[in-house]
Amino acid sequence: MSAPTQAIGELRGFLHGLPGVDRVGAEARAATLASRSIKTTAKQWALDMAISMIDLTTLEGQDTPGKVRALCAKAKRPDPADPTAPMVAAVCVYPDLAHVAAAEVKGSGVHVASVATAFPSGRTSLEVKLADVKYAVSAGADEVDMVIDRGAFLAGDYQLVFDEIAAVKDACGDAHLKVILETGELVTLDNVRRASWLALLAGGDFIKTSTGKVSPAATLPVCLVMLEAVRDFHAATGRQIGVKPAGGIRTTKDAVKHLVLVNETAGADWLTPDRFRFGASSLLNDLLLQRRRMEIGAYASADHLTLG
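Everything in this summary refers to the structure shown in the same document. Bear in mind the structure is a predicted one, so any value in this text is a computation, not a measurement. (Residues numbered from 1 in each chain as written. Predicted model: local features only at pLDDT ≥ 70, side-chain atom pairs only at ≥ 80, totals over all residues. Heavy atoms only, no water.)

We now examine the packing of aromatic side chains. In this description, a pair of aromatic rings is defined by centroid distance and the angle of the planes. Under the criterion given, the structure shown has five aromatic pairs. Note on Phe153 and Tyr158: the rings are 5.3 Å apart at their centroids and 55 degrees apart in plane angle, and the pair reads as tilted. On the accessibility criterion, Phe153 (2% relative accessible area) is buried. Take Tyr158: its relative accessible area is 6%, and that puts it in the buried class. A centroid spacing of 5.7 Å and a plane angle of 75 degrees characterise the contact between Trp197 and Phe233, whose relative ring orientation is edge-to-face. Placement of the pair is Trp197 in helix α9 (residues 189-202) and Phe233 in helix α10 (residues 220-237), with a sequence separation of 36 residues. Of the two residues, Trp197 and Phe233, both sit in the buried class. Taken together through their ring pairs, the aromatic side chains of Phe14, Trp197 and Phe233 make up a single cluster. (Phe/Tyr/Trp six-rings, centres within 6.5 Å; stacked < 30°, edge-to-face > 60°. Buried < 20%, exposed > 50% of the residue type's maximum accessible area, 1.4 Å probe, protein only. Helix = DSSP H or I, 4+ residues; strand = E, 2+ residues; numbered from the N terminus.)

Below, the structure written as structure tokens:
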């Protein structure tokens, strides 16, 4: 057996040697954790933590520089009436608008994330994907969100997926790489586990559920499986890799459920924006309204909050 063939066989053997996911058990575990209530003081902390974990996102064909500037202003000062509200983790935009975002958030501590590799389909050559990544980074992105080749993964060509992730990671330079699995197209939780480990082994800094363009997107059982993967990968290698659910997370209740899931699955070390993010656009305003309610004891009008 040649060396490349042996390596391919070893990768396939490892991924298919992972323990199968008990779907019923995963769904039950996620539902149990989602039903937990938290104390008022813990909820105050959770609201601020969730805000600080948001990748405030606009990924539409109608995006303009003006829209991105407004998004960046909101990222830096989420609640214009309350300077104590924390900044979000990052703004996430298309590569051609990364330079706009980079200029707007410079010096603030807010990161610039850019989707790349022919987002959201990923259907182009590796050469084009790498050029997309390098363009985004040169424009000022310090985080890159790539999509894996789901067709190759589902066809069992794990080595191709591995090699593409590794090549994109190299093209990122100092930028962090988030690997989007598009779990809604992976069909089974076993595939989610395999794709998670594949991305971890190939050098991803984060694993991300979805592009937000496919349904279902981020679900609690999927996030549970991904958190288990990063927990077990850390135990095996010492490397801490982040997780980013994206798509369909719109309410404070959704965010708190995920924070409980993180704490109970991966542990408190992952309760930081360096290890956990929310890919969201509408979540932020709900968190801010809940935060205001806890401060004044009543629901405030959303009129003072900007859209997006």
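So, on to the packing of helix α8 (residues 158-172) against α9. At a minimum axis separation of 8 Å, α8 and α9 run at an interaxial angle of 45 degrees. Taken together, α8 and α9 sit at an angle that is classed as oblique. The handedness of the crossing between α8 and α9 is right-handed. Residues Tyr158, Val161, Phe162, Ile165 and Ala166 of α8 form the contact with α9, whose own contacting residues are Arg194, Leu198, Ala199, Leu201 and Ala202. Classifying every residue of the contact of α8 with α9 gives nine nonpolar, no polar and one charged. (Axes fitted to C-alpha atoms, helices over the stretch in contact; angles between N-to-C directions. Parallel < 35°, antiparallel > 145°, perpendicular 65-115°, else oblique. Left-handed = near helix turned anticlockwise from the far one by under 90°. Contact = heavy atoms within 4.5 Å. Nonpolar A, V, L, I, M, F, W, Y, C, P; charged D, E, K, R; others polar.)

On to the pairing of strand β2 (residues 90-93), then. On a regular strand, one side chain projects to one face of the sheet and the next to the other, so that they alternate. Side chains of β2 alternate between two faces, with Ala90 and Cys92 and Val91 and Val93 buried alike. Strand direction decides the pairing type here: strand β1 (residues 54-57) and β2, joined by three bridges, are parallel. The partner of Asp55 across the bridge, within β2, is Ala90. Of the crossover connections in this fold, the one passing from β1 over helix α4 (residues 65-76) to the parallel β2 is right-handed. Following the backbone out of β2, through helix α5 (residues 98-105) and into the adjacent parallel strand β3 (residues 111-115), one traces a crossover that is right-handed. (Pairing = 2+ DSSP bridges. Right-handed = clockwise from strand over helix to strand, strands pointing away.)

A few words now on the side chain of Arg150. Here Arg150 is to be found in helix α7 (residues 150-154). Side chain to side chain, Arg150 and Glu185 meet in a polar contact 2.8 Å long. Once you skip the residues sitting within four places of it in the chain, Arg150 turns out to touch Pro120, Ser121, Gly122, Leu181, Glu182, Glu185 and Leu186. (Polar contact = N/O pair within 3.5 Å; in protein donor to acceptor, adjacent residues only side chain to side chain.)

This next bit is on the pairing of β3. Of all five residues that make up β3, four are buried, and the element is covered over most of its length. Note on the crossover from β3 through helix α6 (residues 126-138) to strand β4 (residues 143-147): the handedness is right-handed.

Before going further, it helps to examine the nonpolar core. Core analysis: the biggest nonpolar cluster contains 95 residues, and Val91, Ile165 and Phe278 have the highest contact counts within it. It is α10 that contributes the most residues to this core, ten residues altogether. Those residues in contact with Val91 that sit more than four places away from it in its chain are Leu56, Leu71, Cys72, Ala75, Ala101, Val105, Val110, His111, Val112 and Ala113. (Core = buried A, V, L, I, M, F, W, Y, C linked by side-chain atoms within 4.5 Å.)

Scanning the model with the defined rule gives 23 salt bridges in all. One salt bridge connects Glu104 with Arg69, and the closest N-O pair in it is separated by 3.8 Å. On the criterion of sequence distance, the pair formed by Glu104 in helix α5 and Arg69 in helix α4 is long-range, its members being 35 residues apart. Look at Glu104 and you get partly exposed, because its relative accessible area is 27%. Put simply, Arg150 and Glu185 hold a salt bridge, and the shortest N to O gap is 2.8 Å. You can see Arg150 sitting in helix α7 and its partner Glu185 sitting in the loop between β5 (176-180) and α9, a full 35 residues away along the chain. For Arg150, a relative accessible area of 6% gives the class buried. (Salt bridge = Lys/Arg side-chain N within 4 Å of Asp/Glu carboxyl O.)

We now examine the environment of Ser196. Within the fold, Ser196 resides in helix α9. Since its relative accessible area comes to 0%, Ser196 is described here as buried.

What follows covers unusual backbone geometry. Looking along the chain, the bond that leaves Phe119 and enters Pro120 is cis, with omega of 0 degrees. With respect to the element layout, Pro120 can be found in the loop between β3 and α6. Cis rather than trans, the peptide bond between Ser215 and Pro216 has omega equal to 0 degrees. Within the element layout of this structure, Pro216 appears in the loop between β6 (206-208) and α10. A positive phi angle is found at Val187, which is not glycine, with a value near 75 degrees. When you line up the elements, Val187 lands in the loop between β5 and α9.

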